[in-house]
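Observations on the model geometry
Single-letter residue listing:
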Amino acid sequence: MWEDNVRKVVPYTPGEQPRVSNLIKLNTNENPYPPAPGVFEALKELDAENFRKYPDPTCRELNEAIAEAYGIPADRIFTGVGSDDVLAVAFLTFFYGSKPVLFPDITYSFYDVWANLFRIPFKQMPLRDDFSIDPKDYFGENGGIVIANPNAPTGVELDYDLLEEIIRKNKDSVVIVDEAYVDFGAKSVLPLIDKYDNLLVVQTFSKSRSLAGMRVGVAFGQEKLIKFMSDVKYSFNSYTMNMPVLKLGAAAVRDKAYLEETRNKVIATREWTKVELRKLGFTFEDSKTNFIFAKHRTVARDVIFNKLRERNILVRAFNGERIKDFLRISIGTDEEMRTVINALTEIIKEAE
Ligand SMILES: *Cc1c(COP(=O)(O)O)cnc(C)c1O
């Protein structure tokens, strides 16, 4: 009967990482460009001799590099193994009441998984039909709030002032803003951590800094929030960040010019892709991210998905009732997106 005492969970399903070569991989919002040149340098300087020692549990080198790059004191910074780790620690730390934690019905599908894992009550607030958030949904009693901005998988940005209003009207709970995609053109609420002690802003090096494989996530908040998160981390696993990642992450964040250059390329390619998709009869809300969440006016989603797959192009499809007609297409290089648009042109023509 030991099964009665098992913590049973329905896990998150990550996007596929197939072992096929020459695949155009547009299913997990990875960056098509390599990490900053400094990351390659730092990698060469790694000495395996040091690996017999534990890494620095305080992640000082990385946190100080982030502090320097963002102009935010290191004691307002918490780093973890990707923002998934940072968000999981934040859920475990800040969502511990009996009132429900609120987040949209269509959003990052890890939120309800963590809530279930940690036995946190939650309530999913329906987005409007245009995938926008109604701020009033977040003004009632709650045990915490988590909002991805821009949202995933929709790509839609919530207006800065409306987001601030949600933060301001919820001084008795912690509001987590997941800014995984904010570097691709949305406005960050990071400056608001000075003003609100209940705001935690979470970002990742996986998308805009091309380091998904290294796992670096970061949270920003006032000292008290960060201290509570650190206490939980040190009660679970003190050495979450390994020695290489502390150095490679620091190298990545020091190169502001490279971030600027690659994000501008991704944004330009995204805007070109929007125009081409519209010409082909796709509809979508405006995206401020490195993906476009689109459906076709007449051709079924699965037909397009499968025919792209036959051509070695992988995109993402979700099963939720309100989003089952949509494809999420990550933004690749210009050449990859030209190939995708050419493939879609043929697929749509065949199907119509
Ligand atoms: C990608 C993503 C994350 C997680 O990224 P990590 O690779 O774990 O840093 C978190 N939130 C959203 C909304 C994402 O899209």
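The structure under discussion appears in the preceding block.
In this report, we go over the structure that sits alongside the text. Counting restarts for each chain, with residues numbered from 1 along the sequence as it is written. The predicted origin of the model limits local features to residues at a pLDDT of at least 70 and limits the giving and counting of side-chain atom pairs to 80 or more, whereas totals for whole chains, interfaces and linings rest on all residues. With hydrogens and water excluded, all non-hydrogen atoms of the structure serve as input to the side-chain values.

The subject of this paragraph is helix H7 (residues 243–254). Along its 12 residues, H7 runs 17 Å from first to last C-alpha, staying within 8% of the 16 Å computed at 1.5 Å per residue. Categorising residues by exposure relies on relative accessible area from a 1.4 Å probe, with only protein chains included: less than 20% of the type maximum marks a residue as buried, more than 50% marks it as exposed, and the intermediate range marks it as partly exposed. Helix and strand assignments come from DSSP, with helices taken as H or I runs of at least 4 residues and strands as E runs of at least 2, each series counted from the N terminus. Burial analysis of H7 places 10 of its 12 residues in the buried class, which makes it a mostly covered element. Looking only at H7, the buried set comprises Met243, Pro244, Val245, Leu246, Leu248, Gly249, Ala250, Ala251, Ala252 and Val253. Only heavy atoms matter for contacts: two residues are in contact if any of them lie within 4.5 Å across the pair. The inward-facing, buried residues of H7 contact helix H1 (37–44), helix H2 (60–70) and helix H8 (256–279). Put simply, Asn242 is the residue that caps the front of H7, since its side-chain oxygen is 3.0 Å from the backbone nitrogen of Val245. The length a helix should cover is 1.5 Å for every residue beyond the first. Polar contacts here mean pairs of N or O atoms no more than 3.5 Å apart (in protein, one a potential hydrogen donor and the other a potential acceptor; neighbouring residues in sequence count only if both atoms are side-chain atoms).

Any Phe, Tyr or Trp ring, taking Trp's six-membered ring, that has another such ring centre within 6.5 Å forms a pair; planes under 30 degrees apart are called stacked, those over 60 apart edge-to-face, and the others tilted. Considering all chains together, one arrives at 18 aromatic pairs under this definition. On the basis of an interplanar angle of 10° and a centroid distance of 4.2 Å, the ring pair of Tyr12 and Phe110 is categorised as stacked. Here Phe110 lies in the loop between strand E3 (101–104) and helix H4 (111–117) and Tyr12 lies in the segment before strand E1 (24–25), a separation of 98 residues in the sequence. With a centroid separation of 4.5 Å and an interplanar angle of 20°, the aromatic rings of Tyr54 and Tyr239 are classed as stacked. Of the two residues, Tyr54 sits in the loop between H1 and H2 while Tyr239 sits in the loop between helix H6 (223–234) and H7, which places them 185 residues apart along the sequence. Residue class for Tyr239 comes out partly exposed when judged on its relative accessible area of 36%. Following the ring pairs from residue to residue traces out a cluster consisting of Tyr12, Phe91, Phe95, Phe103, Tyr108, Phe110, Tyr111, Trp114 and Phe122. Lying over the aromatic face of Phe139, Lys169 brings its terminal NZ or CZ to 4.3 Å of the ring centre. Sitting over a ring, as applied to charges here, requires NZ of Lys or CZ of Arg to be within 6 Å of the ring centre and within 35 degrees of the ring normal.

Along its 12 residues, H6 runs 16 Å from first to last C-alpha, staying within 8% of the 16 Å computed at 1.5 Å per residue. Buried residues in H6 make contact with strand E2 (77–80), helix H3 (82–94), strand E7 (199–204) and strand E8 (217–220).

Before going further, it helps to examine the site of the ligand. Any residue with a heavy atom lying within 4 Å of a molecule or strand is counted as near it. Within the structure, the ligand sits among 13 residues, and Ser83, Tyr181, Thr204, Ser206 and Lys207 are positioned closest to it. Within the contact set of the ligand, an oxygen atom lies 2.6 Å away from a backbone nitrogen or oxygen of Ser83. Measuring from an oxygen atom of the ligand, one finds a side-chain N or O atom of Ser206 at 2.6 Å. Burial of the ligand by the protein amounts to 93% of the accessible area it has alone, namely 390 Å². Per-element accounting of the shell around the ligand gives the leading share, four residues, to H3. Residues are grouped as follows: Ala, Val, Leu, Ile, Met, Phe, Trp, Tyr, Cys and Pro are nonpolar; Asp, Glu, Lys and Arg are charged; every other residue, Gly included, is polar. Split into classes, the residues belonging to the shell around the ligand amount to five nonpolar, four polar and four charged. Areas reported here follow the Shrake-Rupley algorithm with a probe of radius 1.4 Å; residue values treat only the protein chains shown as occluding.

Close approach of charged atoms lets side chains of opposite charge pair. Should a side-chain nitrogen of Lys or Arg be within 4 Å of a carboxyl oxygen of Asp or Glu, the pair is scored as a salt bridge. If you walk through the whole model with that rule in mind, you get 30 salt bridges. One salt bridge in this structure joins Lys279 and Glu276, with 3.0 Å as the shortest N-O distance. One end of the pair, Lys279, and the other, Glu276, are both in helix H8, three residues apart, so they sit about a helical turn from each other. A residue is classified by how much of its surface remains accessible, and Glu276, at 17% relative accessible area, is buried. Via salt bridges that share partners, Arg270, Glu271, Lys274 and Asp286 belong to a single interconnected network.

This brings us to the packing of helix H9 (residues 301–310) against helix H10 (residues 334–351). As a packed pair, H9 and H10 sit with axes 10 Å apart at the nearest point and diverge in direction by 130°. Classed by the angle they form, the pair H9 and H10 counts as oblique. Relative to H10, H9 is oriented so that their crossing is right-handed. Between H9 and H10, the contacting residues are Ile304, Lys307 and Leu308 on the first element and Ala343, Leu344, Ile347, Ile348 and Glu350 on the second. In terms of residue class, the contact of H9 with H10 is built from six nonpolar, no polar and two charged. A fitted line through C-alpha atoms serves as each axis, taken over the contacting stretch for helices, and the angle formed by two N-to-C directions is quoted from 0 to 180°. Angle categories are assigned with fixed cut-offs, so that under 35 degrees is roughly parallel, over 145 is roughly antiparallel, 65 to 115 is roughly perpendicular, and the rest are oblique. By convention, the crossing between two helices is left-handed when the near helix turns anticlockwise from the far helix through less than a right angle, and right-handed when the turn is clockwise.

Turning next to the environment of Leu23. In this fold, Leu23 is placed in the segment before E1. Measuring from C-alpha to C-alpha, the distance between Leu23 and Ile313 comes to 6.0 Å, with 290 residues separating the pair along the chain.

Only strands that DSSP links by at least two bridges are regarded as paired with each other. Ordered in space as E9-E10-E13-E12, the four strands form an open sheet in which the pairing is antiparallel. Strand pairing shows two members of the sheet lacking a second neighbour, strand E9 (282–284) and strand E12 (316–317), which therefore form its edges. Of the strand pairs in this sheet, strand E10 (residues 291–296) and strand E13 (residues 327–330) are connected by four bridges, and their pairing is antiparallel. By the bridge assignment for E13, Phe291 is matched with Ser330. The strands touched by H8 within the sheet are E9, E10 and E13, with E9 carrying the most contacts at an inclination of about 130°.

Let us look at the side chain of His296. Mapped onto the elements of the fold, His296 is located in strand E10. Since its relative accessible area comes to 7%, His296 is described here as buried. Polar side-chain contacts of His296 include one of 2.7 Å to the backbone oxygen of Leu280. Residues contacting His296, with those up to four places away along its chain left out, are Leu280, Gly281, Phe282, Ile304, Ile348 and Glu352.

Read these as layout, nothing more, since geometry by itself doesn't imply function.
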